Amino acid sequence: MNTDRIIQVSDLTKRYDEILAVDHISFDVNKGEVFGFLGPNGAGKTTTIRMLTGLSKPTDGKASIWGLDINSEIVQIKKHIGVVPEISNLYDELSAFDNLLFMAQLYGIPKSVRKKKAEELLKTFRLYERKDSLFRTFSRGMKRALTVAAALIHNPAVLFLDEPTVGLDVVAARSLRNLISNLRQQGITIFLTTHYLEEADLLCDRAAILVKGRILTIDNPQVLKAKTDKKSLEEAFMKITGLEPEVLAIEKGK
Amino acid sequence: MKKESEMWRDNVRGIFYIALKDIKTYYFKPPAVSWGIVFPITWILAFYLRNPGSFEELVPGLIAMTILFSTTAAEAVVINFELRLGSLERLLLAPVSLSAVLFGKVLGGVVFGFAMTLVVTIGSTIVLGLHPDFVYLILIIIPSLLVFSSLGALLCVLVKEVFEAQTLLNLPRFLMIFLSGVVYPVSKMPVALRYLSYTLPLTYTVEGLRFSFSGGSGKMILSYTLILIGFLLLFILPAVKLLSKKFE
């Protein structure tokens, strides 16, 4: 195993009856990098995350995290990864503190450390004052922050973030982006899917552009812009995906 | 070998904490307690008042109904509500297998059911001065709790919505109350209904409990225990399979 390559994906495929959601994709994610997975709705971003995190079985192909196979060693893999799904899905009936404590219990964090770790995360995410409030009483931004905190309770080496800033206001989104930068500085490898290309431009070391289940290109955002002779990643994305003429037509129509 | 033992440890821990969380969050709350204990007692009293006789004869039926209703009291919420919110999926992101998640859900119902059944069994035994064989009782009550909690889990994973699950759960519940000898002995039923009653797990619970109170043979109790374990497998295995399909 190449120790720099934390995630290795080869020909990964997912088919739902007639629909090919992910079509033989291959890529590697290096240790400590923020890897962006960009694409329009239905491109296969979430399906890929679901396969890599054990929520869905691939139809074909191989993938490994830390050299562990996602088909046969997924329980081992789960100990090293944290996942922030698109929907903040912690327990409405539990308080912020109890949600983190429950996650710590599931990951087998020793009793002596659990409470301290949960409190530390609540402080980091500025939720400590609301530690006894029920999850359902939180704003969308606070729910998102607590969901990220829950994904970090077991100190994962890899963090999967599926559309982390969707539905957040400007301040909450900015705060979450700062947090992602901080996590990267701590050496956590981040696999990020997002619709917001500005966000990807700011955060990602490399990005894969995915359309209809297929990867069109993988590169550093600066290189992608230079290759397409565009100033922003959004424009480069439009050109690479072939969506540029569609957008221009809509703009002309206006 | 080390990996396997680690996996077992992870799953056992997952089952324990999932059950504990469900018990704290959903089970010992007024709606579950009402379904689990108040409802069976009210039903049995209603039957007794309609046809007063020996109340002792109704005790096995009362315990059986408590087992049935308490284990399934909150399963629609525990499974369907969490599936809908995505929090059940959240559990699968932890190092716990899908079977362990479902066993955790089933165990929550079993523990709550055991507490409710204990209250009813000890209460009726003391009040009516009964002398059951406690080993026989355990041999019938424990597998019964697992059977009905698994049945609840299976019916819940068959549908999507909480209200659909509640409706579907009521079908076997009421069918079994009337056909499993809870209030009317199976031996006095018409032959066709008698055959039907022996396809229902609650019949073996009621009969087994009757033997426990009246001093039946150990072989008979053991055969009922084995039949109940058979029902357990019949319900839990497809439930695991169906739940795994939901995540595809």
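These figures come from a predicted structure and were not determined experimentally.

## Some words on the overall build of chain B
When helices and strands are counted, chain B shows 11 helices and zero strands. The order of α-helices and β-strands along chain B, N terminus first, is α-α-α-α-α-α-α-α-α-α-α. Compactness check: chain B gives a C-alpha radius of gyration of 18 Å against a globular reference of 18 Å for 248 residues, within 12% of the reference. Dimensions of chain B along its principal axes, counting C-alpha atoms only, are 55 × 40 × 35 Å. Burial analysis of chain B (248 residues in total) assigns 50% to the buried set. A separation of at least 24 residues holds for 81% of the contacts in chain B among residues at least 6 apart in sequence.

## As for the pairing of strand S4 (residues 60-65) of chain A
Residues and elements named next belong to chain A. One ladder, built from five bridges, connects strand S1 (residues 5-16) with S4; its direction is antiparallel. The residue bridging isoleucine 7 from the neighbouring strand is isoleucine 65, located in S4. Of the pairings in the sheet, the one linking S4 to strand S5 (residues 68-69) comprises two bridges and is antiparallel in character. Each bridged residue has a counterpart across the sheet, and for isoleucine 65 the counterpart in S5 is leucine 68. Counted between consecutive antiparallel strands, the loop separating S4 from S5 contains two residues, among which tryptophan 66 sits at a positive phi close to 55°.

## Description of the confidence of the model for chain A
In this model, chain A carries a mean pLDDT of 90, and residues with pLDDT of at least 70 account for 94%. Confidence, read as mean pLDDT per element, is least for helix H10 (residues 244-253) of chain A in chain A (64) and greatest for helix H3 (residues 96-106) of chain A (97).

## Brief notes about the nonpolar core
Leu100, Ala149 and Phe160 of chain A are the most contacted members of the largest nonpolar core, which totals 154 residues. Take this core: its biggest share by element is 15 residues, from helix H7 (residues 134-158) of chain B. In this structure, phenylalanine 160 of chain A is in contact with Ile49, Leu52, Thr53, Ile81, Val83, Val84 and Phe191 of chain A, ignoring residues within four places of it in sequence.

## Regarding unusual backbone geometry
Residues and elements named next belong to chain A. Despite not being glycine, glutamate 163 shows a phi value in the positive range, around 50°. Overall, glutamate 163 belongs to the partly exposed group, with 18 C-beta atoms counted inside 10 Å. Phi at aspartate 229 takes a positive value of approximately 60°, unusual for a residue other than glycine. Counting through the fold element by element, aspartate 229 comes out in the loop between helix H8 (221-228) and helix H9 (233-241). C-beta crowding within 10 Å serves as the criterion here: with 9 such atoms nearby, aspartate 229 is assigned to the exposed category.

## Structural notes on the sheet that holds strand S7 (residues 158-162) of chain A
Residue and element names in this part refer to chain A. Taken in spatial order, the six strands make up an open sheet running S6-S7-S8-S3-S9-S10, and their pairing is mixed. Since the sheet does not close on itself, it has two edges, and those belong to strand S6 (81-84) and strand S10 (214-219), each with one partner. The sheet shows a mean angle of 15° between the axes of neighbouring strands, direction not considered. Against the sheet, helix H1 (residues 45-52) makes contact with strand S3 (34-38), S7, strand S8 (189-194) and strand S9 (206-211), and its axis sits at roughly 150° relative to S7, the strand it touches most. Running at roughly 155° to S8, helix H6 (residues 170-185) makes contact with S3, S7 and S8 of the sheet.

## A short note on the sheet that holds S1 of chain A
All names here are of chain A. The antiparallel open sheet is built from four strands, whose spatial order is S2-S1-S4-S5. Of all strands in the sheet, those with a lone pairing partner are strand S2 (19-30) and S5, marking the two edges. In this structure, S1 lies alongside S2, joined through eight bridges in antiparallel fashion. Bridge pairing links lysine 14 to valine 22 in S2.

## Remarks on the interface of chain B and chain A
Many descriptions give the size of an interface as the accessible area lost when the pieces come together. The interface of chain B with chain A comprises 21 residues on the first partner and 21 residues on the second. When residues of the side of chain B that touches chain A are traced back to their parent elements, those giving at least two are helix H1 (2-27) and helix H5 (87-92) of chain B. Per-element accounting of the side of chain B that touches chain A gives the leading share, eight residues, to H1 of chain B.

## Quick notes on the pairing of S8 of chain A
Residues and elements named next belong to chain A. Most of S8 sits out of view: six of its six residues are buried. Relative to S8, S3 runs parallel, the two being bridged by five bridges. Bridge pairing links phenylalanine 35 to phenylalanine 191 in S8. By the bridge criterion, five bridges tie S7 to S8 in an arrangement that is parallel. Its bridge partner being in S8, aspartate 162 is matched across the sheet by threonine 193. Viewed along the sheet, the connection from S7 through H6 into S8 turns out right-handed.

## Points about H1 of chain A
All names here are of chain A. For H1, the tally of buried residues reaches six of eight residues, placing the bulk of the element in the interior. Lys45, Thr48, Ile49, Arg50, Met51 and Leu52 are the residues of H1 that are buried. One or two steps after H1, the chain reaches glycine 54, where phi turns positive at roughly 85°.

## What to know about the packing of H7 of chain B against helix H10 (residues 201-214) of chain B
For any two helices packed against each other, the geometry comes down to the angle between their axes and how far apart the axes lie. All names here are of chain B. Put simply, H7 and H10 touch, their axes get as near as 9 Å, and they point 165° apart. One finds that H7 runs roughly antiparallel with respect to H10. Of the two possible hands of crossing, H7 and H10 adopt the one that is left-handed. Residues Tyr136, Leu137, Ile140, Ser144 and Val147 of H7 lie in contact with H10, whose contacting residues are Pro201, Thr205, Gly208, Leu209, Phe211 and Ser212. Looking at the contact of H7 with H10 residue by residue, the class counts come to seven nonpolar, four polar and no charged.

## Describing the confidence of the model for chain B
For chain B, per-residue confidence averages 90 on the pLDDT scale, and residues scoring 70 or more make up 99% of the total. Two numbers describe this predicted complex: its pTM, 0.88, and its ipTM, 0.86.

## Observations concerning helix H4 (residues 111-124) of chain A
Residue and element names in this part refer to chain A. Relative to the 20 Å expected for 14 residues at 1.5 Å per residue, H4 spans 21 Å between its end C-alpha atoms, a close match to the ideal helical length. Residues of H4 that are buried sit in contact with H3 and helix H5 (140-151). Where H4 ends, the next residue or the one after it, arginine 126, has phi of about 55°, a positive value.

## Describing the packing of helix H2 (residues 30-50) of chain B against helix H6 (residues 98-128) of chain B
All names here are of chain B. Orientation of H2 relative to H6, taken along the N-to-C sense of each, is 45°, at an axis distance of 10 Å. One finds that H2 runs oblique with respect to H6. The chirality of how H2 crosses H6 is right-handed. Along the contact surface, H2 presents Ala32, Gly36 and Ile37, while H6 presents Phe112, Met116, Val119 and Val120.

Here is what the cut-offs are and how they apply
Residues numbered from 1 in each chain as written. Chains lettered and ligands numbered in written order. Predicted model: local features only at pLDDT ≥ 70, side-chain atom pairs only at ≥ 80, totals over all residues. Helix = DSSP H or I, 4+ residues; strand = E, 2+ residues; numbered from the N terminus. Rg over C-alpha atoms; globule rule 2.2 N^0.38 Å. Buried ≥ 20, exposed ≤ 12 C-beta atoms within 10 Å, placed from the backbone. Contact = placed C-beta atoms within 7 Å. Pairing = 2+ DSSP bridges. pLDDT = per-residue confidence, 0-100. Core = buried A, V, L, I, M, F, W, Y, C linked by C-beta atoms within 7 Å. Axes fitted to C-alpha atoms, helices over the stretch in contact; angles between N-to-C directions. Right-handed = clockwise from strand over helix to strand, strands pointing away. Parallel < 35°, antiparallel > 145°, perpendicular 65-115°, else oblique. Left-handed = near helix turned anticlockwise from the far one by under 90°. Nonpolar A, V, L, I, M, F, W, Y, C, P; charged D, E, K, R; others polar. Expected span 1.5 Å × (residues − 1).

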